[in-house]
Amino acid sequence: MSQSVETLQRLYERFNARDIDGVVGMLADDVAWANGMDGGYVEGHDGLRAYWTRQWSLIDPHVEPLRFQQVEDGSVLVEVRQTIRDLEGHPVEAKGLKDKTVGHLFHFTGDKVSRFDIRDVE
């Protein structure tokens, strides 16, 4: 699991730095990524670029990984603290976007993330 954890630590670092190219370099070309704003999934690198560009023009999200756990199927569950602010720095609470702890489930194909899901943390 250590290689997957290292990849995910870099992924979170690059996401929080708003480095889209740095993140998509760690993703499979046909990645399926949970759309935390609108529901459903975004697919592929171009879809993610458009999604994050739109997202970051509306809100300022930050995700801090707290714990990494290997799941039986080989995926990695990451417990994260998400902080969502508007562009002026005020907390946001809309469409499920708010400051809370959530689970991010990452599936890998080889060394690339092929799917990302969001889970509630109990």
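The structure contained in this document is the topic of the report that follows.

The rules behind each value
- Throughout, residues of each chain are indexed from 1 in the direction in which the sequence is written.
- This being a predicted model, a pLDDT of at least 70 is required before a residue's local features are given, and a value of 80 or more before pairs of side-chain atoms are given or counted; all residues contribute to the totals for chains, interfaces and linings.
- Side-chain metrics rest on all non-hydrogen atoms present in the structure, leaving aside hydrogens and water.
- Residues are said to line a cavity or pocket when one of their atoms sits within 4 Å of a point; the points come from a 1 Å grid over protein atoms alone, cavities being sets where a 1.4 Å probe fits but cannot get out and pockets being open sets with protein on both sides within 12 Å along at least five of seven lines.
- Grid points are joined across faces, edges and corners, and a volume is the space filled by probe spheres set on the points.
- Here a strand is any run of E in DSSP of at least two residues, a helix any run of H or I of at least four, and the numbering for each starts at the N terminus.
- We call Asp, Glu, Lys and Arg charged. Ala, Val, Leu, Ile, Met, Phe, Trp, Tyr, Cys and Pro are nonpolar, and the rest, Gly among them, are polar.
- Strands are treated as partners if at least two bridges between them are detected by DSSP.

Moving on, we get to the layout of surface pockets. By volume, the largest pocket is sized at about 370 Å³. Lining the largest pocket are 23 residues, and of these G36, Q82, H104, F116 and I118 lie nearest its centre. With four residues, strand β5 (residues 100-109) is the single largest residue contributor to the lining of the largest pocket. Its residues placed into classes, the lining of the largest pocket shows 16 nonpolar, five polar and two charged.

Before going further, it helps to examine the pairing of β5. Bridge count between strand β4 (residues 76-86) and β5: seven bridges; the pairing is antiparallel. Note on β5: the bridge partner recorded for V76 is F106. Sheet analysis places β5 next to strand β6 (residues 112-120), joined by eight bridges and oriented antiparallel. Bridging from a neighbouring strand, T109 pairs with K112 of β6. Counting the residues between successive antiparallel strands, the hairpin from β5 to β6 contains two residues, one of them, G110, with a positive phi of roughly 65°.

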